[in-house]
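Coordinate inspection notes
Read off the chains here:
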Amino acid sequence: VQLVESGDTLVQSGGSLRLSCAASRSFINTYVMAWYRRAPGNQRKFVAYITRDGKTDYDDSAKGRFTISRDNANPTIHLQMNSLKPDDTGVYYCHAAASIESLGDPRGSWGQGTQVTVSP
């Protein structure tokens, strides 16, 4: 299964950005879809997920600022990021898992990653 994220972006602190991840409609409607971030020098970490019935959850650092959504018509997963901070800088990965419990498993499906840089 192929997950294709939107391109690399540079944005100023306080700005907004929307990431997109394209996949097949059946895939997005079946799996738990998520975003992860790998900050420089760190491991990949959870940012947000959305289930096929629309349940969402976020890392504490993303709550109140980020919104994950699913566009079934296209079909695409989006991550709307507002009030961006330099700490949000990193490579963002789209991820698909069979269940919430299996989120983060390297054996799941991962996109190639897209670089987001937030300047001070």
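Data block above holds the structure.
Residues numbered from 1 in each chain as written. Predicted model: local features only at pLDDT ≥ 70, side-chain atom pairs only at ≥ 80, totals over all residues. Heavy atoms only, no water.

**Section: the state of the cysteines**
In total, this model carries one disulfide according to the counting rule given. The disulfide that involves Cys 21 links it to Cys 94, with 2.1 Å between the sulfurs. Its S-S torsion of about -80° marks the bond between Cys 21 and Cys 94 as left-handed, since a negative value means left-handed. Note that Cys 21 is positioned in strand β3 (residues 17-22) and Cys 94 in strand β9 (residues 90-97), a separation of 73 residues in sequence. Across this residue pair, the class does not change: Cys 21 and Cys 94 are buried. (Disulfide = S-S within 2.5 Å. Helix = DSSP H or I, 4+ residues; strand = E, 2+ residues; numbered from the N terminus. Buried < 20%, exposed > 50% of the residue type's maximum accessible area, 1.4 Å probe, protein only.)

**A short note on the sheet that holds β3**
Spatially, β1-β3-β8-β7 is the arrangement adopted by the four strands of the open sheet, whose pairing is antiparallel. The open sheet has two edge strands, β1 (4-5) and β7 (66-71), and neither has a second partner. In this sheet, β3 lies alongside β1 in antiparallel orientation, the contact comprising two bridges. The residue of β3 that forms the bridge with Val 4 is Ala 22. (Pairing = 2+ DSSP bridges.)

Everything listed is a geometric property; what it means functionally is a separate question.
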